[in-house]
Amino acid sequence: MIIDTTEIQAIYSFSRLESLKEVYRIIWTLVPIFTLVLGITLGVLVIVWLEREISAGIQQRIGPEYAGPLGIFQALADGTKLLFKENLLPSRGDTRLFSIGPAIAVISILLSYSVIPFSSRFILADLSIGVFLWIAVSSLAPVGLLMSGYGSNNKYSFLGGLRAAAQSISYEIPLTLCVLSISLLSNSSSTVDVVEVQSKYGFWGWNLWRQPIGFIVFLISSLAECERLPFDLPEAEEELVAGYQTEYSGIKFGLFYVASYLNLLVSSLFVTVLYLGGWNFSIPYIFTTELFDINKRSQVFGTIIGIFITLAKTYLFLFISIATRWTLPRLRMDQLLNLGWKFLLPISLGNLLLTTSFQLLSL
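Residues numbered from 1 in each chain as written. Predicted model: local features only at pLDDT ≥ 70, side-chain atom pairs only at ≥ 80, totals over all residues. Heavy atoms only, no water.

An unreviewed UniProt entry lists the protein chain under the name NAD(P)H-quinone oxidoreductase subunit 1, chloroplastic, with Strobilanthes cusia given as the organism. Within the UniProt record for the protein chain, the comment given under Sequence similarities (unreviewed entry) is "Belongs to the complex I subunit 1 family." (UniProt positions renumbered as here; feature names shortened; annotations may be inferred.)

Participant: Any chance you could break down the overall build of the protein chain for me, citing the residues and the numbers?
Facilitator: When helices and strands are counted, the protein chain shows 14 helices and zero strands. Each of the 363 residues in the protein chain was classed as buried or not, and the buried ones make up 44%. Taking the contacts inside the protein chain whose residues are at least 6 apart along the sequence as the reference set, 81% of them involve residues at least 24 apart. For the protein chain, the accessible area works out to roughly 19400 Å², and carbon and sulfur atoms hold 70% of it. (Helix = DSSP H or I, 4+ residues; strand = E, 2+ residues; numbered from the N terminus. Buried < 20%, exposed > 50% of the residue type's maximum accessible area, 1.4 Å probe, protein only. Contact = heavy atoms within 4.5 Å. Areas by Shrake-Rupley, 256 points an atom, 1.4 Å probe, with all protein chains shown as cover.)

Participant: Describe the side chain of Ser-148, with residues and values.
Facilitator: Along the chain, the position of Ser-148 falls in helix α5 (residues 141–151). Take Ser-148: its relative accessible area is 0%, and that puts it in the buried class. Polar side-chain contacts of Ser-148 include one of 2.8 Å to the backbone oxygen of Gly-144. The residues touching Ser-148, leaving out its near neighbours within four places in the chain, are Leu-97, Phe-98, Gly-101, Pro-102, Tyr-244, Tyr-248 and Phe-256. (Polar contact = N/O pair within 3.5 Å; in protein donor to acceptor, adjacent residues only side chain to side chain.)

Participant: Outline helix α9 (residues 212–225), listing residues and values.
Facilitator: Working note: α-helix, 3.6 residues per turn, so residues spaced by three or four point in the same direction. A rise of 1.5 Å per residue sets the reference length of α9, with its 14 residues, at 20 Å; its end C-alpha atoms lie 20 Å apart and thus fit the reference within 8%. Summarising the contacts, the buried residues of α9 are in contact with α4 (130–138), α6 (155–186), α8 (207–210), α11 (250–275), α13 (299–325) and α14 (333–361). Once α9 ends, the next one or two residues include Glu-227, with phi positive near 55°. (Expected span 1.5 Å × (residues − 1).)

Participant: Report on the side chain of Thr-191, specifying residues and quantitative values.
Facilitator: The topology assignment puts Thr-191 in helix α7 (residues 191–198). Of note is the side chain of Thr-191, whose polar atom sits 2.8 Å from the backbone oxygen of Val-115. Setting aside residues up to four positions removed in sequence, Thr-191 forms contacts with Val-115, Pro-117, Ile-123, Gly-130, Val-131, Phe-270 and Val-273.

Participant: Any chance you could break down the packing of α9 against α11 for me, citing the residues and the numbers?
Facilitator: Two numbers describe how α9 lies on α11: the axes approach to 10 Å, and their chain directions differ by 165°. Taken together, the axes of α9 and α11 are roughly antiparallel relative to one another. For the pair α9 and α11, the crossing hand works out as right-handed. Together, Gly-214, Phe-215, Phe-218, Ser-222 and Glu-225 of α9 and Asn-263, Ser-267, Phe-270, Val-271, Leu-274 and Tyr-275 of α11 make up the contact between the two elements. Across the contact of α9 with α11, the residue classes break down as six nonpolar, four polar and one charged. (Axes fitted to C-alpha atoms, helices over the stretch in contact; angles between N-to-C directions. Parallel < 35°, antiparallel > 145°, perpendicular 65-115°, else oblique. Left-handed = near helix turned anticlockwise from the far one by under 90°. Nonpolar A, V, L, I, M, F, W, Y, C, P; charged D, E, K, R; others polar.)

Participant: I'd like a rundown of unusual backbone geometry, residues and numbers included.
Facilitator: Here Gln-60, not a glycine, exhibits a phi torsion of approximately 55°, which is positive. Mapped onto the elements, Gln-60 comes out in the loop between α1 (5–58) and α2 (74–83). The backbone phi angle of Asn-187 is positive, close to 60°, even though this residue is not glycine. With respect to the helices and strands, Asn-187 occurs in the loop between α6 and α7.

Here it is as structure tokens:
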């Protein structure tokens, strides 16, 4: 039997080419994910620096200024410090729940970024149920906090975990009803479709003008979901030492810290997507025809402009959230629950009924 060496070489080269194509395909699948993770990390560092600078301005004091120019590396220095600190475990607590809790809190929030459209061509997963996937996934974060509080074997930690669960349930319902109203207006639950519907009339096409009541309820509910002042009852230092974080140290404490800012960033991004027109330039095409022609011709330029506009709107809302934290006092637990169940829930239900009625009349 004679074996043709040229055929064997052709088979080897073909298999090598196929394997290279497979590797190339995997790399291009992972590139958007790593890009998004890197962007989120930088975004969190910027938010921490902004919060310190804005709070210093509100309180008329000097903010961070030594770690890098204008103190921009202060958050990085704090993260590095926490990374090298010792991880302490409670001797009589449930170490498995204690260790899993921070991971659940961070992972559940990170998954929400997969359905956020930073631009018309920059989204990891354009799902038909995108906005409701965010609500479903983010509702797992309080489970992690409750596990952390229970696993700590500390009454203050357990009370903080219970408060986090009660607060999440109270404010997720109005939040979901507001999102449902937006879905009815847009005839879709896809985040990309919601933004596209708002793009027809520029600035006046935003859902902010069609859903002003829903916007206010969504704003308050998202602040409560992020556990920001005046709604930071789960970690109220005057009552619960540090709430569910009391027994934590090192990188696990840092994970809770990162999770709170990740949640704030994702809430601000969803405010931008649902109410502020997302990546759209928000100026009618009549006034900026040349810019839109360039945008259509160059996909890369259009994507960069879209990401820049989305982040500009997001950080505008972040400024409002940060200023609110350093301006308003903390509510009591009964006031927080009364606001959620007695005021925001009926208002969001009424807003949903009005939206449904208008949609039915317009058919």
